[in-house]
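Residue strings, one per chain:
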Amino acid sequence: MREPTRPLPSLVPLPHGGWGVDSYMSSADYTIRGLGLVPPNTILPIIVVPGIMGTNLRAKTNPRLGRLNDERNEKLTPGAIAWRPPNDIPSAVRDAHVWNKLSPRDRQKWFDRATLEVDDRGPIVVPQTDDGYVVTEAELRSRGWGEVHAESYGLLLSSLQSQLNQTFGMDEKTHRRFVKPHWKRAMGYDPRKWGVREIAPLTEAHLENYAKNYYPVYCFGYNWLDDCETSAKLLEKRVADIMDSWRKLSRTCEKVILVTHSMGGLVARACAKRIPGKIAGVIHGAMPAYGAPVAYRRIACGTEAFSPSNGVKDDIAGYVIAQILGDSPEKTTPVLATSPGALELLPNHLYPGPWLHVRVVKVRGQANPADHERKGGIKPTDEAATDYLKLPSSIAPNPYDLYRDMRRWYRLIDPHLADPAKKHKKGVLKAITDAIDTAEAFHRSLGDYYHPNTYVFYGDDRSKLSFGQVRWVARQWGNSATALTTSNVSAAQILGRSYDRSRRVMVEGKTDLRFEPDPQDTRGDGTVPHQSGAGPAGKVKQLFAAQGFDHQGSYNNSDILMLTLRLIAKIVQEMS
């Protein structure tokens, strides 16, 4: 009768090409044998690239102290946590209380991108496995797992680590090989759960070829306030370092696979454009391929707390998130207005337009809106809506000119809110314009590029409404003293803002209007609208219009985890 086994820590690659493992001597009576699975010597690393705010940040541990490039953070001591998103509801509530009390001035100092770096000390989810490839926390940290938000990416990382290298098993009684259960499920999964009618079959023969490689799972965190091109160059270096580390151990490592989320897709695309030959394939999830109007909404109005498609629980979570990220432009503008990374999430020149609308609804029948609220008040008898502005348009086609315009009342950025800490010595207008110029240069350079072996999934869910457009709406009661036109609505003088995100304007010095932003309007994942998520259509191997997940938690969805597993196997097939 065969003795039972116990898993040993994952085997350590030795410089001469072999593998070693640490174990301990035991008495002869202890018959449980140690099991160490020997990986193949051909290595295909998987690198997960997170989205914006998915990387933990800290104040630089060794800041330079030069006269022109002082990297000391004015609010944080060297090495102090700058950004570590909460991983549970109690932590989120505590964080919301702290962040809500932080002034715009302090937020700007806190998130000074030149003073921040990736923090690799975050919590990680260590894979639980009963047999083989037991990985220590120290090894996972060396692979970058502590650099990213555990709640958003921990399940993805641990699932890939525990499943990618467990392809076949051996029945101890019959001595016959069998396909591991997770791969069995992947082979028979219903593709309709991924939003498609069919997907190329995955067979046992494919898995035999797949099992010829070892798949260590890594993470790449980056400073998401910085330009995506800068982050792409750092990812290129991480790819080279990972490959070199395996080659020094006499292993074959020629390519990597990138698995991305949200903004990480833009970083990975720019990296793959630089080194396409080192990339075996890319899986993009919830990527704003053409940008997202929610970025305009959050800079111009603050982070939204509610959505028409949310239930009570989701709205409570949204309220907490808004407190952390900033629920007013006074709080978001000082951080985001000069951040190229954040501005690179705005609708780019390829986003289907027009997506910014200014609408006035003429209400007839009751001149005083306050009377309408009183018991017995006369209700409006008619409403006539007119969109006076639709941008970008054939007259004003460049969205970046819209972003640079800081005079119009519907502007993205109010420069008076952008520098409460007085940090921009050369002027805040120059800092804002430089950041927008950087974003435009990145978008135009990246264009419609996708690595030749790319797969994409995105949210196409009516129960997860997103901003497909931003519409400012005002109601005009009774007869107006001014005939509204595109010209005079555009040139209206802004009188002020309210904490409810409305903007009060005066048209030709006679007509007072209060514009409010409309709520989310189109299907998506709650953040990225379907028209941006579907942007790669016709340019990638396959596109999956999936449902059932929200943007930040997309890789916590069981269907998406299974799709990711399946697509990694498919990419390996296409390498052969």
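Criteria and cut-off values
Residues numbered from 1 in each chain as written. Predicted model: local features only at pLDDT ≥ 70, side-chain atom pairs only at ≥ 80, totals over all residues. Heavy atoms only, no water. Helix = DSSP H or I, 4+ residues; strand = E, 2+ residues; numbered from the N terminus. Buried < 20%, exposed > 50% of the residue type's maximum accessible area, 1.4 Å probe, protein only. Areas by Shrake-Rupley, 256 points an atom, 1.4 Å probe, with all protein chains shown as cover. Lys, Arg positive; Asp, Glu negative; His and termini not counted. Charge placed at Lys NZ, Arg CZ, Asp CG, Glu CD. Phe/Tyr/Trp six-rings, centres within 6.5 Å; stacked < 30°, edge-to-face > 60°. Lys NZ or Arg CZ within 6 Å of the ring centre and 35° of its normal. Disulfide = S-S within 2.5 Å. Polar contact = N/O pair within 3.5 Å; in protein donor to acceptor, adjacent residues only side chain to side chain. Contact = heavy atoms within 4.5 Å. Core = buried A, V, L, I, M, F, W, Y, C linked by side-chain atoms within 4.5 Å. Pairing = 2+ DSSP bridges. Axes fitted to C-alpha atoms, helices over the stretch in contact; angles between N-to-C directions. Parallel < 35°, antiparallel > 145°, perpendicular 65-115°, else oblique. Left-handed = near helix turned anticlockwise from the far one by under 90°. Nonpolar A, V, L, I, M, F, W, Y, C, P; charged D, E, K, R; others polar. Salt bridge = Lys/Arg side-chain N within 4 Å of Asp/Glu carboxyl O. Expected span 1.5 Å × (residues − 1).

> Can you walk me through the overall build of the chain in this structure?
In terms of regular secondary structure, the chain is built from 18 helices and 25 strands. C-alpha atoms of the chain, sized along the principal axes, occupy 95 × 60 × 45 Å. Counting only residues that meet the buried cut, the chain has 54% of its 576 residues in that class. Summed over all atoms, the accessible surface of the chain reaches about 25,900 Å², with 52% contributed by carbon and sulfur. Here the chain carries 76 positive and 63 negative side-chain charges, and the mean point of each set is 2 Å from the other.

> When you look at the packing of aromatic side chains in this model, what are you seeing that I'm missing?
Within a pair of aromatic rings, the relevant descriptors are the distance that separates the centres and the angle that separates the planes. Within this structure, the stated rule accounts for 19 aromatic pairs. Aromatic pair Trp99 and Phe111: ring centres 5.4 Å apart, planes at 15 degrees, arrangement stacked. One end of the pair, Trp99, is in helix α1 (residues 89–100); the other, Phe111, is in the loop between α2 (104–110) and β9 (116–118), with 12 residues separating them in the sequence. Where Phe220 meets Tyr222, the ring centres are 5.9 Å apart and the plane angle is 20 degrees; that geometry is what we call stacked. On the basis of relative accessible area, Tyr222 is assigned to the buried category, the value being 1%. For the cation-ring pair, Arg143 lies above Tyr218, with the distance from its terminal atom to the ring centre recorded as 5.6 Å. In this arrangement the basic side chain of Lys193 is found over the ring face of Tyr189, its NZ or CZ atom lying 5.2 Å from the centre.

> How should I be thinking about the state of the cysteines in this particular structure?
Counted by the stated rule, this structure contains zero disulfides. Free of any disulfide, Cys228 has its nearest cysteine sulfur in Cys271, 12 Å distant.

> Looking at this model, I keep getting lost on the side chain of Asp419. Mind explaining?
Take Asp419: it is sitting in the loop between α14 (399–404) and α15 (428–446). In terms of polar contacts, Asp419 uses its side chain to reach the side chain of Gln108, at 2.7 Å. Beyond its immediate sequence surroundings of up to four residues, Asp419 is in contact with Gln108, His424 and Val428.

> Sorry if this is basic, but what is going on with the nonpolar core here?
Generally speaking, soluble globular proteins have nonpolar side chains that are buried together. Membership of the largest hydrophobic core comes to 100 residues, with the highest contact counts inside it found for Ile47, Leu235, Tyr296, Trp472 and Phe515. Ranked by size, the runner-up nonpolar core spans 46 residues in total, among them Tyr153, Ala186, Ile257 and Leu565.

> Would you mind showing me how to read unusual backbone geometry here?
Most peptide bonds are trans, and most residues other than glycine sit at a negative phi. Residue Gly353 is joined to Pro354 through a cis peptide bond whose omega torsion reads 0 degrees. Checked against the element boundaries, Pro354 lands in the loop between α12 (340–343) and β16 (356–364). Following Leu391, the chain continues to Pro392 via a peptide bond in cis, the omega torsion being -15 degrees. Turning to its location among the elements, Pro392 is positioned in the loop between β17 (382–391) and α14. Here Ser250, not a glycine, exhibits a phi torsion of approximately 65 degrees, which is positive.

> Got a minute to help me understand the sheet that holds β9 in this structure?
Backbone hydrogen bonds hold the strands of a sheet together, and the pairing may be parallel or antiparallel. Pairing is antiparallel in the open sheet, where three strands are placed in the order β8-β7-β9. Among the strands making up the open sheet, the edge pair consists of β8 (81–83) and β9. Neighbouring strand axes in the sheet, compared pairwise and without regard to direction, differ in orientation by 45 degrees on average.

> Mind showing me how you'd approach the sheet that holds strand β25 (residues 542–546) here?
Read from one edge to the other, the open sheet built from six strands follows the order β13-β6-β14-β15-β18-β25, with strand pairing classed as parallel. Looking at the sheet topology across the chains shown, the edges are occupied by β13 (217–219) and β25. Direction aside, neighbouring strands of the sheet carry axes that sit 15 degrees apart on average. Each of β6 (46–49), β13 and β14 (256–261) touches helix α7 (residues 228–247); the most contacted strand, β6, lies at about 155 degrees to it. Sitting on the sheet, helix α8 (residues 263–274) touches β6, β14 and β15 (279–285), and the angle it makes with β14 is about 150 degrees.

> Which parts of the structure should I look at to understand the packing of α7 against α8?
A pair of packed helices can be characterised by two numbers: the angle between their axes and the separation between those axes. α8 packs onto α7 with a crossing angle of 60 degrees between their chain directions and a minimal axis gap of 8 Å. In terms of orientation, α7 lies oblique with respect to α8. Relative to α8, the crossing made by α7 is right-handed. Only Met263, Leu266, Val267, Ala268, Ala270, Cys271 and Arg274 of α8 make contact with α7, whose side of the interface consists of Cys228, Glu229, Ser231, Ala232, Lys233, Leu235 and Glu236. Across the contact of α7 with α8, the residue classes tally to nine nonpolar, one polar and four charged.

> It is not clear to me how the pattern of salt bridges should be interpreted in this structure. Could you clarify?
Close approach of charged atoms allows side chains with opposite charge to pair. Within this structure, the stated rule accounts for 44 salt bridges. A salt bridge links Glu440 to Arg444; the shortest N-O distance between them is 2.9 Å. On the criterion of helical spacing, the pair formed by Glu440 and Arg444 is a turn pair, its members being four residues apart in helix α15. Classification of Glu440 as buried rests on a relative accessible area of 13%. Relative accessible area serves as the criterion here: at 42%, Arg444 is assigned to the partly exposed category. Connected via shared salt-bridge partners are Arg58, Arg84, Glu117, Asp119, Asp120 and Arg121.

> What is the right way to read the side chain of Thr333 from this model?
With respect to the element layout, Thr333 can be found in helix α11 (residues 329–336). In this view, Thr333 contacts Ile299, Ile413, Asp414, Leu417 and Ala418; residues no more than four positions away in its chain are not counted.

> Sorry if this is basic, but what is going on with α15 here?
Residues spaced three or four apart along an α-helix point in a common direction, a consequence of the helix completing one turn every 3.6 residues. In this model α15 runs 27 Å from its N-terminal to its C-terminal C-alpha over 19 residues, within 8% of the 27 Å that 1.5 Å per residue would give. Taken residue by residue, α15 has Val428, Ala431, Ile432, Ala435, Ile436, Ala439, Glu440, Phe442, His443 and Leu446 as its buried positions. As for α15, its buried residues are in contact with α7, α8, α12 and α14. Two residues or fewer after α15 comes Gly447, characterised by a positive phi angle close to 55 degrees.

> Looking at this model, I keep getting lost on the pairing of β6. Mind explaining?
Sheet faces and side chains relate simply in a regular strand, where the side chains alternate between the two faces. Neither face of β6 is open: one carries Ile46 and Val48, the other Ile47 and Val49, and all of them are buried. Relative to β13, β6 runs parallel, the two being bridged by three bridges. The partner of Ile47 across the bridge, within β13, is Tyr218. Note: β6 against β14, four bridges, orientation parallel. Note on β14: the bridge partner recorded for Ile47 is Leu258.

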